[in-house]
Amino acid sequence: MKIPGIEPVVVQFFKSAQERWDNLIKPQGSLGRLEEIGSRICAITRTGMPEVKNKRLLVFAADHGIVAEGVSAYPQDVTTQMVRGFLTGKAAISILADKEKIDLKIVDMGIAARISHNNLITVHINNGTRNFVKESAMTSDEMSHALQAGIQFADQAKAEGIQLIAGGDMGIGNTAAASAIYSALFGIDPELVTGKGAGLDESGRLNKAAIIRSALNRWNISSMKPLDILQYFGGFEIAALTGLYLGAAASWLPVVVDGFICTAAAAIAMALVPPCREYMFFAHDSAEMGYRNVLQHLNVEPILNLEMRLGEGTGAALAMGIIDSAVSLFREMPTFEQADVSRKKE
């Protein structure tokens, strides 16, 4: 498949935005990272007065064949059950999206059981991925299909006037897939990036890391081949998220990366096209064991640290509210001259 070309953000817009911040009625730098966030939005969107009121979050759901190896404390059926919860508005992400006025979309990328619901977007590449201990999780065609779907969702969002986008995930077993991706990309032992996921005890965590290690040793994929890593260890939802991040960057659309799973997709996207990282805002410091190690490898600093590890895009939804607030401050606060406020004495 063709990966979209992505241009670096325009630094001059960032500099001009910072000049505006410095002239607003406050001490210089007193809004901390909110100023950097607002300036980055200007640089990403190539405008001196951006807006991010129109927000969308897509939760991509899929099942994983690796569950057959006992890497999750929950049965695979929970993927389907949670998607039904999203669709009925009862899940955490549904409540947060409503609170933050985010347009929430739920996408079946490959759930093992079929769901019929008017509000479910169905891509459904297959009934879950394959067991990556025994074979590649996806075929090349399946991976390309999922990537292209994510890119198209970004393109559609841009065409529909969305100004800030994010992805979320649902899929029992996907922390194992993400851990395998991190290990392969960063060349580190799985135990350093393998957490307990949805409730494993310590012995279960160590067994999960050992299973991932055996798969890494079997396939021995170079860290310089991110698409091969995605194909062998990823999931349909992770590939769709990768496409979403690439498509958003190609469309000059700021994109928010959620936690442990979504960052694996972001890491693949950055490995494929490094400039796309300039369009990403990392939502929160996930409490999933190993995530701090991931952030250090990527050299990124998330917006929030609330000790969350739910997934679903919940951290991204909260961070989108922060980004919206930063842009509102940038747009609506007057300068010293406009407000007839004296500047500090020199």
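That block above? That's the structure.
Treat the numbers as computed from the prediction; the structure is a model and nothing was measured. (Residues numbered from 1 in each chain as written. Predicted model: local features only at pLDDT ≥ 70, side-chain atom pairs only at ≥ 80, totals over all residues. Heavy atoms only, no water.)

Peer 1: Help me out: how do you make sense of the overall build of the chain in this one?
Peer 2: Looking only at helices and strands, the chain features 13 helices and six strands. For a compact globule of 346 residues, the expected C-alpha radius of gyration is about 20 Å, and the chain comes in at 20 Å, within 12% of that figure. When its C-alpha atoms are laid out on the principal axes, the chain stretches across 70 × 45 × 40 Å. Here the chain holds 346 residues, and 57% of them are scored as buried. For the chain, contacts bridging at least 24 residues in sequence account for 74% of all contacts bridging at least 6. (Helix = DSSP H or I, 4+ residues; strand = E, 2+ residues; numbered from the N terminus. Rg over C-alpha atoms; globule rule 2.2 N^0.38 Å. Buried < 20%, exposed > 50% of the residue type's maximum accessible area, 1.4 Å probe, protein only. Contact = heavy atoms within 4.5 Å.)

Peer 1: I would appreciate a short explanation of the nonpolar core in the present structure.
Peer 2: Side chains that are nonpolar tend, in soluble globular proteins, to be buried together. Ranked by internal contacts, the top residues of the largest apolar core, which has 112 residues, are Val 83, Met 109, Phe 233, Tyr 245, Val 256 and Met 280. Residues in contact with Val 83, not counting those within four places in the same chain, are Ala 61, Ile 106, Ile 111, Ile 115, Leu 120 and Met 170. If you look at the next biggest cluster of nonpolar residues, it comprises six residues, including Ala 17, Trp 21, Leu 24 and Cys 42. (Core = buried A, V, L, I, M, F, W, Y, C linked by side-chain atoms within 4.5 Å.)

Peer 1: So what exactly am I meant to see when it comes to the environment of Thr 45 here?
Peer 2: Topologically, Thr 45 is positioned in helix 2 (residues 33-45). Separated by 36 residues in sequence, Thr 45 and Val 9 have C-alpha atoms that sit 8.2 Å apart. Those residues within four positions of Thr 45 in sequence are excluded, and the remaining contacts are Pro 50, Trp 252 and Pro 254. Among the polar contacts made by the side chain of Thr 45, one reaches the main-chain carbonyl oxygen of Ile 41 at a distance of 2.7 Å. (Polar contact = N/O pair within 3.5 Å; in protein donor to acceptor, adjacent residues only side chain to side chain.)

Peer 1: So what exactly am I meant to see when it comes to the side chain of Asp 108 here?
Peer 2: In this structure, Asp 108 sits in strand 2 (residues 102-110). Buried charge Asp 108 goes without a salt bridge, the closest partner of opposite sign being Arg 114 at 4.5 Å. At 2.9 Å, the side chain of Asp 108 and the backbone nitrogen of Ile 111 are in polar contact. Setting aside residues no more than four positions away along its own chain, Asp 108 makes contact with Ala 61, Arg 114, Leu 120, Ile 121, Thr 122, Val 123 and His 124. (Lys, Arg positive; Asp, Glu negative; His and termini not counted. Salt bridge = Lys/Arg side-chain N within 4 Å of Asp/Glu carboxyl O.)

Peer 1: Looking at this model, I keep getting lost on the side chain of Thr 263. Mind explaining?
Peer 2: By the element assignment, Thr 263 lies in helix 10 (residues 260-272). Discounting chain neighbours no more than four positions away, the residues touching Thr 263 are Tyr 182, Val 257, Asp 258, Phe 282, Tyr 291, Val 294 and Leu 298.

Peer 1: Is there a simple way to think about helix 4 (residues 92-99) in this case?
Peer 2: Of all the positions in helix 4, only Ile 93, Ser 94 and Ala 97 are classed as buried. Down the axis of helix 4, the sector holding all buried residues measures 105 degrees, keeping them to one side. Residues of helix 4 that are buried in the fold lie against strand 1 (55-62), helix 3 (77-87), strand 2 and helix 12 (314-332). (Arc of directions from axis to C-beta.)

Peer 1: Please explain unusual backbone geometry as it appears in this structure.
Peer 2: Leave glycine aside and you will find that most residues have negative phi; peptide bonds, for their part, are mostly trans. At Asn 299, a residue that is not glycine, the phi angle is positive and equals roughly 60 degrees. Of note, Asn 299 is situated in the loop between helix 11 (291-298) and helix 12. Located in the positive-phi region is Asp 340, a residue other than glycine, with phi close to 55 degrees. You can see Asp 340 is positioned in the segment after helix 13 (336-339). Accessibility expressed as a relative area gives 73% for Asp 340, which makes it exposed.

Peer 1: Please explain the pattern of salt bridges as it appears in this structure.
Peer 2: Should the charged atoms of two oppositely charged side chains come close, the side chains can pair. Summed over all chains, the structure comprises 14 salt bridges. Between Arg 205 and Glu 202 there is a salt bridge, with the nearest N and O atoms lying 3.1 Å from each other. Remark: Glu 202 and Arg 205 occur in helix 7 (residues 202-219); sequence separation between them is three residues, near one turn of the helix. Overall, the relative accessible area of 2% leaves Arg 205 in the buried class. Linked through salt bridges whose partners overlap, the residues forming this network are Arg 56, Asp 103, Lys 105 and Glu 160.

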